[in-house]
Amino acid sequence: MIPTTTYGFQLEAHVRHRITGFEGVVVGLAHYATGMWNVCVQPTDLKEGEMRKARWIEEPDLDLVKGAERQVGTVDRPRFSFGSTVRNTVTKTTGVVHALTFWLNGCIRYELMLTQPDKDGNTASETIDGIYLESVEAPETAELPRPPTSGGPEREPTRATPAARREPNRPH
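Okay, so let's go over this structure. (Residues numbered from 1 in each chain as written. Predicted model: local features only at pLDDT ≥ 70, side-chain atom pairs only at ≥ 80, totals over all residues. Heavy atoms only, no water.)

Points about the overall build of the protein chain
Right, on to step 1. Along the backbone of the protein chain there are one helix and 14 strands.
Right, on to step 2. For the protein chain, the exposed surface amounts to about 12,800 Å²; the carbon and sulfur share of it is 50%. (Helix = DSSP H or I, 4+ residues; strand = E, 2+ residues; numbered from the N terminus. Areas by Shrake-Rupley, 256 points an atom, 1.4 Å probe, with all protein chains shown as cover.)

A few points about the packing of aromatic side chains
A ring pair, where both rings are aromatic, is described by two values, the distance of the centres and the angle of the planes.
Right, on to step 1. Taken as a whole, this structure holds three aromatic pairs when the rule is applied.
Right, on to step 2. With a centroid separation of 5.6 Å and 80° between ring planes, the pair formed by W56 and W103 is classed as edge-to-face. Placement of the pair is W56 in strand β7 (residues 55–58) and W103 in strand β11 (residues 94–103), with a sequence separation of 47 residues. (Phe/Tyr/Trp six-rings, centres within 6.5 Å; stacked < 30°, edge-to-face > 60°.)

A word on the environment of A124
Right, on to step 1. Its location among the elements puts A124 in the loop between β12 (108–114) and β13 (125–129).
Right, on to step 2. Dropping the residues within four chain positions of it, A124 is found in contact with L112, M113, L114 and D118. (Contact = heavy atoms within 4.5 Å.)

A few points about unusual backbone geometry
Right, on to step 1. Notably, E12 is not glycine yet its phi reads approximately 80°, a positive angle.
Right, on to step 2. Mapped onto the fold, E12 is located in the loop between β1 (4–7) and β2 (14–17).
Right, on to step 3. Judged by its relative accessible area of 59%, E12 is exposed.
Right, on to step 4. Here E48, not a glycine, exhibits a phi torsion of approximately 55°, which is positive.
Right, on to step 5. Positionally, E48 belongs in the loop between β5 (46–47) and β6 (50–51).
Right, on to step 6. Given the relative accessible area of 78%, E48 is considered exposed. (Buried < 20%, exposed > 50% of the residue type's maximum accessible area, 1.4 Å probe, protein only.)

Quick look at the side chain of T101
Right, on to step 1. Within the secondary structure, T101 sits in strand β11.
Right, on to step 2. Once you skip the residues sitting within four places of it in the chain, T101 turns out to touch L29, A30, W56, C107, I108 and R109.

A short note on the environment of A33
Right, on to step 1. Locating A33 in the fold gives a position in the loop between β3 (23–32) and β4 (37–42).
Right, on to step 2. Judged by its relative accessible area of 51%, A33 is exposed.
Right, on to step 3. When the C-alpha positions of A33 and S81 are compared, they lie 9.2 Å apart, and in sequence the two are 48 residues distant.
Right, on to step 4. Excluding residues within four positions of it along the chain, A33 makes contact with F82 and H98.

A short note on the nonpolar core
Right, on to step 1. V15, V26, Y110 and L112 are the most contacted members of the largest nonpolar core, which has 25 residues in total.
Right, on to step 2. Elements that contribute at least two residues to this core include exactly β3, β4, β8 (62–64), β11 and β12.
Right, on to step 3. Not counting the four nearest positions on each side in its chain, V15 is found in contact with F9, F22, E23, G24, V26, V41, L62, D63, L64 and V65. (Core = buried A, V, L, I, M, F, W, Y, C linked by side-chain atoms within 4.5 Å.)

Structural notes on the side chain of N88
Right, on to step 1. Inspection of the secondary structure assignment puts N88 in strand β10 (residues 85–88).
Right, on to step 2. N88 gets classed as buried once you look at its relative accessible area, which sits at 3%.
Right, on to step 3. Dropping the residues within four chain positions of it, N88 is found in contact with T93, E126, I128, Y132 and L133.

A short note on the pattern of salt bridges
Right, on to step 1. Evaluation of the coordinates by the stated rule reveals five salt bridges.
Right, on to step 2. Here D45 ties to R52 by a salt bridge, and the two come within 2.7 Å at their closest N and O atoms.
Right, on to step 3. Take D45: its relative accessible area is 38%, and that puts it in the partly exposed class.
Right, on to step 4. Across the salt bridge formed by R109 and D129, the nearest N and O atoms sit 2.6 Å from each other. Note that R109 is positioned in strand β12 and D129 in strand β13, a separation of 20 residues in sequence.
Right, on to step 5. A relative accessible area of 28% means that R109 is categorised as partly exposed. (Salt bridge = Lys/Arg side-chain N within 4 Å of Asp/Glu carboxyl O.)

Here it is, written out as structure tokens:
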């Protein structure tokens, strides 16, 4: 059994934005390291014969369309979790996973905070399909040397309990 992660709407659910009334079908779900879920909603109607653009909406702002049953959805757990260091096998860039996007077609995309700044020295991010990523071993941390001991014959001092403070051969 593949472990899963849960969210409030299933892919293909028909939802409505509770403030604007924007309505459509869930085609994508983005999960951020902050815990927030964003939902990509694709309208099902046309505008002047053309498809309307999908919109990303925060999950708490959506309601399931009346008549549909709200169900908690599940998606396959991704190969890499938040905070994982990964490498893009095409560009060889390295980054840390800070967002995941699950798509209706089964694709999982990862948003990486790149470990190398861009040409202007700014922190950049990259979104890439999971099939192009590989795990990077965490660099070993150098072990700090232990401070020298005093070399004395006595143990480290400890706080004595009331019973330990009594002299051993005296009546109590």
